[in-house]
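# Observations on chain architecture
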Amino acid sequence: MTEYQFETHQPINLYVEIGKGGVDLHAEDTTETRVAIVGPDADDVLVELDGDQLRIIAPRQRGGLFGGDRRLDVTVTLPSHSNVATKLGSADLRSTGTIGACDVRTGSGDLVLDEIAGESLIESGSGDVTIDRADERLRIKSGSGDIRLGHAAQDVVISTGSGDVQIREADGPTAVKTGSGDLSIGRALTDVGLTTGSGDLEIKAIAAGRVQVKGASGDVRVGVPAGIPVWTDVSTVSGRIHSTLEGAGEPEEGADYVELRAKTVSGDILLTQV
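Report follows, based on the coordinates. From a predicted model like this one, the values you see are computed outputs, not experimental measurements.

### Here we look at the overall build of the protein chain
Within the protein chain one finds zero helices and 27 strands. Per-residue burial for the protein chain yields a buried fraction of 45% across its 274 residues. Within the protein chain, counting contacts between residues at least 6 apart in sequence, those at least 24 apart form 41% of the total. For the protein chain, the accessible area works out to roughly 12,500 Å², and carbon and sulfur atoms hold 45% of it. Between the mean site of the 25 positive side-chain charges and the mean site of the 44 negative ones, the protein chain shows a separation of 7 Å.

See the structure below:
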């Protein structure tokens, strides 16, 4: 194991570049940053702190960054709210505690992040992405990985080729698009746009705002709390439409209401009172 220790009284900007292996980040209330590296090339990894910028860069292997099979495991303990940027091949990334803004890019590694406090961009080729909480604007792009997001406090934009997307709570405007995966939101407070080719689409409860849902062969399910006025424009070519919504009349001035548009080709559409 190769270890480094730096005095850091404020959040830092961390950049990590490795191919195969794993990166574990522990964001804590600390005045020092500690780095531990395990692997056959551990001593050859560049680790340097310049001001508030900490760089951890693995040596290039035959075939480029993503070539070779020499694994490196990097563990970093750093101050809370530090910003994180990565360029990873097949390496996994995990974080505990609260990190700041993220610019995370990976080829096939899985990402598991605890809490993100800053505006962030996540790009993954085929790895799964799991984020417990995002406090600022979040964009996620994935080729085929599944995406799971716990609580999104601000607006979210997600696009994936064939992966499933699950969001437990969405406080801000949310837009999700996938080619063939299922899309599911547990609770949404405002505007939602969902688009998929063959997956199912579900919003368990939408409190207010505009909802636009487009699918091909998948089913659509949208729940609206009792007492919330709803304006609907729903259609399907060969599927069935069923609604248990109760009329709530015209919304009072300044009151919440839902404007719902849903369209499928062969999928069913179900609107429910919750």
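Having put the structure on the table, let's press on.
### Things to note about unusual backbone geometry
Of note in this structure, His81 is not a glycine but carries a positive phi near 70°. Within the fold, His81 resides in the loop between strand E7 (72-79) and strand E8 (83-88).

### Points about the nonpolar core
Residues Ile56, Ile122, Ile131 and Ile206 are the most contacted members of the largest nonpolar core, which totals 64 residues. The greatest single-element share of this core, amounting to four residues, is contributed by E7. Residues within four places of Ile206 in sequence aside, it is in contact with Ala188, Thr190, Val192, Val211, Val222, Gly223, Val224, Pro225 and Val258.

### Some thoughts on the pattern of salt bridges
Per the counting criterion, the structure on display carries 17 salt bridges. Between Asp171 and Arg187 there is a salt bridge, with the nearest N and O atoms lying 3.2 Å from each other. Of this pair, Asp171 sits in the loop between strand E17 (165-170) and strand E18 (174-178) while Arg187 sits in strand E19 (residues 183-188), and the two are 16 residues apart along the sequence. Through salt bridges with shared partners, a single ionic network connects Arg168, Glu169, Asp171 and Arg187.

### Notes on the pairing of strand E3 (residues 21-28)
Sheet faces and side chains relate simply in a regular strand, where the side chains alternate between the two faces. Pairing of E3 with E7, which is carried by eight bridges, proceeds in the parallel orientation. What sits directly across from Leu25, in E7, is Val76. For E3 and strand E9 (residues 92-99), the ladder comprises five bridges, and the chain directions are parallel. The partner of His26 across the bridge, within E9, is Thr96.

### Here's the deal with the side chain of Asp41
Looking at the element boundaries, Asp41 is found in the loop between strand E4 (32-38) and strand E5 (46-50). Here Arg70 takes part through its side chain, which lies 2.8 Å from a polar atom of the side chain of Asp41.

### A look at the environment of Val234
You can see Val234 is positioned in strand E24 (residues 230-236). Excluding anything up to four places from it in sequence, Val234 contacts Ile241, Ala262, Ile269 and Leu271.

### Some remarks on the environment of Ser162
Within the secondary structure, Ser162 is located in the loop between strand E16 (156-160) and E17. Along the chain, Ser162 and Val76 lie 86 residues apart, while their C-alpha atoms are 32 Å from each other. Those residues in contact with Ser162, other than ones at most four positions away along the chain, are Gly143, Ser144, Thr178, Ser180 and Gly181.

Definitions and cut-offs
- Residues numbered from 1 in each chain as written.
- Predicted model: local features only at pLDDT ≥ 70, side-chain atom pairs only at ≥ 80, totals over all residues.
- Heavy atoms only, no water.
- Helix = DSSP H or I, 4+ residues; strand = E, 2+ residues; numbered from the N terminus.
- Buried < 20%, exposed > 50% of the residue type's maximum accessible area, 1.4 Å probe, protein only.
- Contact = heavy atoms within 4.5 Å.
- Areas by Shrake-Rupley, 256 points an atom, 1.4 Å probe, with all protein chains shown as cover.
- Lys, Arg positive; Asp, Glu negative; His and termini not counted.
- Charge placed at Lys NZ, Arg CZ, Asp CG, Glu CD.
- Core = buried A, V, L, I, M, F, W, Y, C linked by side-chain atoms within 4.5 Å.
- Salt bridge = Lys/Arg side-chain N within 4 Å of Asp/Glu carboxyl O.
- Pairing = 2+ DSSP bridges.
- Polar contact = N/O pair within 3.5 Å; in protein donor to acceptor, adjacent residues only side chain to side chain.

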